[in-house]
Amino acid sequence: MTQKLACLVERAIPHGERVYTLVLKPERPAPRFRPGQFLHLALDPYDPTGFWPESRVFSIASAPHERDRLRITYAVHGGFTGRMEAEALEGRQVWIKLPYGDFVIDTSADVALFAGGTGVSAFTAFLEGLPADHPRTVTLAYGARTGRLLIYRDALERCAARGAALDVLYFVERPDGTMSGARTGRVSVEAVWPALRAPRQTQFYISGPPLMLKGIAQDLRERGVEPGAIHIDAWE
């Protein structure tokens, strides 16, 4: 069941190149949500007797058990996120409504996750909750413009350190010396395919910029992946 909640913007973290993370403290614990779901964020006051204000949707990057703090990460594209950047949000009240979406990962199958930039936030809740004894393999291809913008790298390394069956391949478009071991270039199916244990029995999930969604999905289809095994986070 969805709820509308006032939130304090507890922190607004700039990562550089117009990428930000917001830590939101809701007025009461948020409703239960599943990894991969998203929320609507409104900057203007909400009057319960009237209409919901202009808003935009963002993946919930925090784990489902963290219902007293919610985290979203975004890049500035367009007027709404431009306003988010321009206004001093830290310490301000905003409104959210949640949960929404069915971009939920199938835990009964091997999965391959393709994340471009802030698109990784669609996967972080799932990965941070991945148990050490998870019986299936999880392969993540995570790319950003620079190594500094691989902002969830530490969380992914903590996940891998727990012993979970997680294999992460990093990609950077413009190497800046901050990320050793990353491949130069964009996330690609060609680079990930050899790392998959059983591609024909794998479920594929894609989250990132529109051109990336289109290109990865097309490449998967050309390799014979069934349409039902390709899942796209296409709400942007």
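Residues numbered from 1 in each chain as written. Predicted model: local features only at pLDDT ≥ 70, side-chain atom pairs only at ≥ 80, totals over all residues. Heavy atoms only, no water.

Residue-level account of the overall build of the protein, with values.
From N to C terminus, the protein includes five helices and 12 strands. Computed over its C-alpha atoms, the radius of gyration of the protein comes to 18 Å, within 12% of the 18 Å expected for a compact globule of 236 residues. With respect to the three principal axes, the spread of C-alpha positions in the protein is 55 × 40 × 35 Å. Burial analysis of the protein (236 residues in total) assigns 50% to the buried set. A sequence separation of at least 24 residues applies to 69% of the contacts in the protein between residues at least 6 apart. Of the roughly 11,300 Å² that the protein leaves accessible, carbon and sulfur atoms contribute 50%. Charge-centre separation for the protein: the mean point of 28 positive side chains lies 1 Å from the mean point of 27 negative side chains. (Helix = DSSP H or I, 4+ residues; strand = E, 2+ residues; numbered from the N terminus. Rg over C-alpha atoms; globule rule 2.2 N^0.38 Å. Buried < 20%, exposed > 50% of the residue type's maximum accessible area, 1.4 Å probe, protein only. Contact = heavy atoms within 4.5 Å. Areas by Shrake-Rupley, 256 points an atom, 1.4 Å probe, with all protein chains shown as cover. Lys, Arg positive; Asp, Glu negative; His and termini not counted. Charge placed at Lys NZ, Arg CZ, Asp CG, Glu CD.)

Describe the sheet that holds strand 10 (residues 183-184), listing the residues and the values that go with them.
As summarised here, the arrangement of the six strands in space is 10-9-8-7-11-12, forming an open sheet in which the pairing is parallel. At either end of the open sheet lies a strand with only one pairing partner, and these are strand 10 and strand 12 (230-232). Note: strand 9 (residues 166-172) against strand 10, two bridges, orientation parallel. Across the sheet, the residue bridging to Val172 is Thr184, located in strand 10. Of the strands in this sheet, strand 8 (138-144) and strand 9 touch helix 3 (residues 153-161), which is tilted by about 155 degrees from strand 9. In the packing of helix 5 (residues 210-222) onto the sheet, the strands contacted are strand 7 (110-116), strand 11 (202-207) and strand 12, and the crossing angle to strand 11 comes to about 160 degrees. (Pairing = 2+ DSSP bridges. Axes fitted to C-alpha atoms, helices over the stretch in contact; angles between N-to-C directions.)

I'd love a proper account of the packing of aromatic side chains, names of residues and values included.
Under the counting rule described, the total for this entry stands at 10 aromatic pairs. Ring centres 5.5 Å apart and planes at 25 degrees place the aromatic pair Tyr20 and Tyr74 in the stacked group. Of this pair, Tyr20 sits in strand 2 (residues 19-26) while Tyr74 is found in strand 5 (residues 70-75), placing the two residues 54 residues apart along the sequence. According to the relative accessible area criterion, Tyr20 is buried, its value standing at 18%. On the accessibility criterion, Tyr74 (3% relative accessible area) is buried. Arranged with centres 6.1 Å apart and planes meeting at 20 degrees, the rings of Phe38 and Tyr100 form a pair that is stacked. Of this pair, Phe38 sits in strand 3 (residues 38-42) while Tyr100 sits in strand 6 (residues 93-100), and the two are 62 residues apart along the sequence. Residue classification places Tyr100 among the partly exposed positions, given a relative accessible area of 25%. Cluster of aromatic residues (ring-pair linked, three or more members): Tyr20, Phe58 and Tyr74. Geometry around Trp193 places Arg223 over its ring, the cationic atom sitting 5.3 Å from the centre. (Phe/Tyr/Trp six-rings, centres within 6.5 Å; stacked < 30°, edge-to-face > 60°. Lys NZ or Arg CZ within 6 Å of the ring centre and 35° of its normal.)

A description of the sheet that holds strand 4 (residues 55-59) should follow, citing residues and the corresponding values.
The antiparallel open sheet is built from six strands, whose spatial order is 4-3-6-1-2-5. Two strands lie at the open edges of the sheet, namely strand 4 and strand 5, each paired on one side alone. Strand-to-strand twist across the sheet, computed as the mean angle between neighbouring axes with direction ignored, equals 40 degrees. The pairing of strand 1 (residues 3-16) with strand 6 spans six bridges and is classified as antiparallel. What sits directly across from Leu8, in strand 6, is Gln93.

Quick one: what's the story with the nonpolar core, residue by residue and with numbers?
If you look at the biggest cluster of nonpolar residues, it comprises 29 residues, and the most contacted ones within it are Leu113, Phe123, Leu127, Val138, Leu140 and Tyr142. Among the secondary structure elements, those contributing two or more residues to this core are strand 7, helix 2 (124-128), strand 8, helix 3 and strand 9. Ranked by the residues each element gives to this core, the list is headed by strand 8, at four residues. Residues Leu24, Phe33, Leu43 and Ile72 belong to the second largest nonpolar core, which totals 23 residues. (Core = buried A, V, L, I, M, F, W, Y, C linked by side-chain atoms within 4.5 Å.)

If you had to explain helix 5 to someone new, which residues and values would you point to?
Its 13 residues give helix 5 an end-to-end C-alpha distance of 19 Å, which sits within 8% of 18 Å, the value for a rise of 1.5 Å per residue. Among all positions in helix 5, only Met212, Leu213, Ile216, Ala217 and Leu220 are buried. Taken end-on, helix 5 shows its buried residues confined to a sector of 120 degrees, consistent with a single buried face. Facing away from the buried side of helix 5 by more than 90 degrees, the exposed set consists of Pro210, Leu211, Lys214 and Glu222. Close packing links the buried residues of helix 5 with strand 7, helix 4 (189-192), strand 11 and strand 12. (Expected span 1.5 Å × (residues − 1). Arc of directions from axis to C-beta.)

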